[in-house]
Amino acid sequence: MAKEGVEKAEETEQMIEKEAGKEPAEGGGGSHRLGDAQEMRAVVLAGFGGLNKLRVTRKAMPEPQDGELKIRVKACGLNFIDLMVRQGNIDNPPKTPLVPGFECSGIVEALGDSVKGYEIGDRVMAFVNYNAWAEVVCTPVEFVYKIPDDMSFSEAAAFPMNFVTAYMMLFEVANLREGMSVLVHSAGGGVGQAVAQLCSTIPNVTVFGTASTFKHEAIKDSVTHLFDRNADYVQEVKRISAEGVDIVLDCLCGDNTGKGLSLLKPLGTYILYGSSNMVTGETKSFFSFAKSWWQVEKVNPIKLYEENKVIAGFSLLNLLFKQGRAGLIRGVVDKLISLYTQKKIKPVVDSLWALEEVKEAMQRIHDRGNIGKLILDVEKTPTPLMANDSTETSEAGEEEEDHEGDSENKERMPFIQ
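Since the model is a prediction, treat every value here as computed from it, not as a measurement. (Residues numbered from 1 in each chain as written. Predicted model: local features only at pLDDT ≥ 70, side-chain atom pairs only at ≥ 80, totals over all residues. Heavy atoms only, no water.)

A.B. asks: Got a sec to walk through the packing of aromatic side chains? Specific residues and values, please.
C.D. replies: Summed over the entire model, instances satisfying the criterion amount to 7 aromatic pairs. Relative to Y340, the ring of F159 lies with its centre 6.3 Å away and its plane at 90°, an arrangement referred to as edge-to-face. In this pair, F159 sits in the loop between α3 (153-157) and α4 (160-173) while Y340 sits in helix α12 (residues 326-341), placing the two residues 181 residues apart along the sequence. Owing to a relative accessible area of 1%, F159 belongs among the buried residues under this scheme. (Phe/Tyr/Trp six-rings, centres within 6.5 Å; stacked < 30°, edge-to-face > 60°. Helix = DSSP H or I, 4+ residues; strand = E, 2+ residues; numbered from the N terminus. Buried < 20%, exposed > 50% of the residue type's maximum accessible area, 1.4 Å probe, protein only.)

In structure tokens:
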């Protein structure tokens, strides 16, 4: 079936190039060839460590296997988990070299055998178990979703990870209902903004958010109460709501676990969905890992029983790729797309970056400088100074460590939505 789609695939490549304002290459399609094998550009992580481990190179283009779709990528999402993968700061990290990235959007270019419900030329977004940061990806059909005509590719790449994570935590794990209250950390990030938007679809939900002070002006209207991420937010929340909150969404870990549990009302739910406090410098720090682990509240089940509190964890990638819940996630995506078409939710895109600018983009996430989602735009022309730093021959040195509140670091972006 994949062979039958070759001619249509070439037409799709020409359509993609036409959309980008380029003339189709001779021979149909703009892909490079090495002998009989087609090649593509991809971001490759050569080994775990700093930004100098990332580079853009050429790789053989994948072809769809049985049950897979081949997607000509237009945009890729960049998440904090990608930074942790780069550092090797995850459980059972894969072997390097590898192509990072877990979500993308683009146009279906070919269909593997047994694929139904999709056609060549369909506009889609997809989850990918690594390999998303490339011009072409192949992924099983159960991880692919058609996108509305009025959804841009950058919005589509910003949609799956953030909104599915937010929806699952709020409605599947914590059972958000009218009149409840939510505390969300990193309220200015992609998941934080998705949480705020989804909470607004339920009447009388109070949203408490923490974020760096330089983000407050931009996101103040998305939450009910906003606090400095470095302030004593526990006392600030209790000053407003003496009982605390019904739901705590924690992507930080460390001492925030104990603080979050202390803020829960009876029958409240604390959900851990990240551990960004373990990331301080550019490379993996065993000191930061040990400090964060040591600061985590040691949970006593008897105390949870006595106080009527719930503690939970959520990992979307594990749910998809290890625990086989693709059917559940498809139902959630359908609900989210319905909310999008009703104009009740909309992805917040912070900035667009070329593949060759991946180091600068990742540094912006490290600096906690983004408001919403960073997107790798496959067709974007890189800024020359940035492109030189991510080429195949790059040997850039280590970058500086994170400086909280350093607004100068947070202005380094070539294009802001």
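A.B. asks: Could you give me a rundown of the sheet that holds strand β10 (residues 206-211), with the residues and numbers involved?
C.D. replies: Across the sheet, which stays open at both edges, the 6 strands sit in the order β11-β10-β9-β12-β13-β14 with parallel pairing between neighbours. Where the open sheet ends on each side, the last strands, each with one partner, are β11 (225-228) and β14 (310-313). Here the strands of the sheet are splayed against their neighbours by 15° on average, with no regard to which way each runs. Summarising the sheet, β10 and β11 pair through 4 bridges and their orientation is parallel. (Pairing = 2+ DSSP bridges. Axes fitted to C-alpha atoms, helices over the stretch in contact; angles between N-to-C directions.)

A.B. asks: Go over α12 with me, naming the residues and quoting the values.
C.D. replies: Between its terminal C-alpha atoms α12 stretches 22 Å, which fits the 22 Å expected from 16 residues at 1.5 Å a residue. Those residues of α12 lying buried are A326, I329, V332, V333, L336, I337, L339 and Y340. When α12 is viewed along its axis, its buried side chains cluster within an angular range of 155° and face the same direction. Where α12 is buried, its residues touch β6 (123-127), β8 (144-146), α3, α4, α5 (190-199) and α11 (316-321). Once α12 ends, the next one or two residues include K343, with phi positive near 60°. (Expected span 1.5 Å × (residues − 1). Arc of directions from axis to C-beta. Contact = heavy atoms within 4.5 Å.)

A.B. asks: Please give an account of α5 that cites residues and values.
C.D. replies: With respect to burial, α5 is a largely interior element, 10 of its 10 residues being buried. Every buried residue belonging to α5 is among G190, V191, G192, Q193, A194, V195, A196, Q197, L198 and C199, and all of these are buried. Check the buried side of α5 and you find it contacts α4, β9 (181-184), β10, α6 (216-219), β12 (245-250) and α12.

A.B. asks: Any chance you could break down the pattern of salt bridges for me, citing the residues and the numbers?
C.D. replies: Counted by the stated rule, this structure contains 17 salt bridges. Connected via shared salt-bridge partners are E63, K70, R72 and E109. (Salt bridge = Lys/Arg side-chain N within 4 Å of Asp/Glu carboxyl O.)

A.B. asks: Lay out the environment of M180 with the relevant residues and their values.
C.D. replies: Here M180 lies in the loop between α4 and β9. The spacing of M180 and V205 is 25 residues in sequence and 5.1 Å in space, taken between C-alpha atoms. Those residues in contact with M180 that lie beyond four places of it in its chain are A174, N175, N204, V205, T206, D246 and I247.

A.B. asks: Would you mind going over the environment of I202 in detail, with residue names and values included?
C.D. replies: In this structure, I202 sits in the loop between α5 and β10. In this structure, the C-alpha to C-alpha distance between I202 and R177, residues 25 residues apart in sequence, is 6.8 Å. Excluding anything up to four places from it in sequence, I202 contacts F171, L176, R177 and E178.

A.B. asks: How would you summarise the pairing of strand β15 (residues 349-353) if you had to cite specific residues and measurements?
C.D. replies: Burial analysis of β15 places 5 of its 5 residues in the buried class, the great majority of the element. With 4 bridges joining them, β15 and strand β16 (residues 373-377) adopt parallel strand pairing. Bridged to V349 within β16 is K373. Between β15 and its parallel partner β16, the chain crosses via helix α13 (residues 358-366), and the hand of that crossover is right-handed. (Right-handed = clockwise from strand over helix to strand, strands pointing away.)

A.B. asks: Which residues make up the side chain of E155, and what values do they have?
C.D. replies: Counting through the fold element by element, E155 comes out in helix α3. Of note is the side chain of E155, whose polar atom sits 2.7 Å from the side chain of Y340. Setting aside its immediate chain neighbours within four residues, E155 contacts D150, Y340, K346, P347 and V349. (Polar contact = N/O pair within 3.5 Å; in protein donor to acceptor, adjacent residues only side chain to side chain.)

A.B. asks: Now, about the packing of α4 against α12: what can you tell me, with residues and values included?
C.D. replies: At a closest axis distance of 10 Å, the pairing of α4 and α12 adopts a crossing angle of 105°. Classified by the interaxial angle, the pair formed by α4 and α12 is roughly perpendicular. Residues F163, V164, Y167 and M168 of α4 pack against L328, I329, V332, V333, K335 and L336 of α12. Of the residues that constitute the contact of α4 with α12, the class distribution is 9 nonpolar, no polar and 1 charged. (Parallel < 35°, antiparallel > 145°, perpendicular 65-115°, else oblique. Nonpolar A, V, L, I, M, F, W, Y, C, P; charged D, E, K, R; others polar.)

A.B. asks: With reference to specific residues and values, describe the packing of helix α2 (residues 80-87) against α13.
C.D. replies: Direction vectors running N to C along α2 and α13 enclose 105°, while the axes themselves pass 10 Å from each other. The angle between α2 and α13 falls in the class roughly perpendicular. Here F80, D82, L83 and R86 of α2 come into contact with α13, specifically with M362, I365 and H366. When the residues that make up the contact of α2 with α13 are grouped by side-chain class, the tally is 4 nonpolar, 1 polar and 2 charged.

A.B. asks: Help me get a handle on the pairing of strand β13 (residues 264-272), residues and values and all.
C.D. replies: The pairing of β12 with β13 spans 5 bridges and is classified as parallel. Bridging from a neighbouring strand, V245 pairs with L264 of β13. Between the parallel elements β12 and β13, the chain passes through helix α8 (residues 256-263) in a crossover that is right-handed. As paired elements, β13 and β14 share 4 bridges and run parallel to each other. Bridged to L272 within β14 is G313.

A.B. asks: Give me the lowdown on unusual backbone geometry, citing residues and values where you can.
C.D. replies: With an omega of 0°, the peptide bond between T96 and P97 qualifies as cis. Position of P97 relative to the elements: it lies in the loop between α2 and β5 (103-111). The phi dihedral of N131 falls on the positive side, at around 80°, and the residue is not glycine. Its location among the elements puts N131 in the loop between β6 and β7 (136-140). A relative accessible area of 40% means that N131 is categorised as partly exposed. Even without glycine at this site, S186 takes up a positive phi of about 50°. Secondary-structure assignment places S186 in the loop between β9 and α5.

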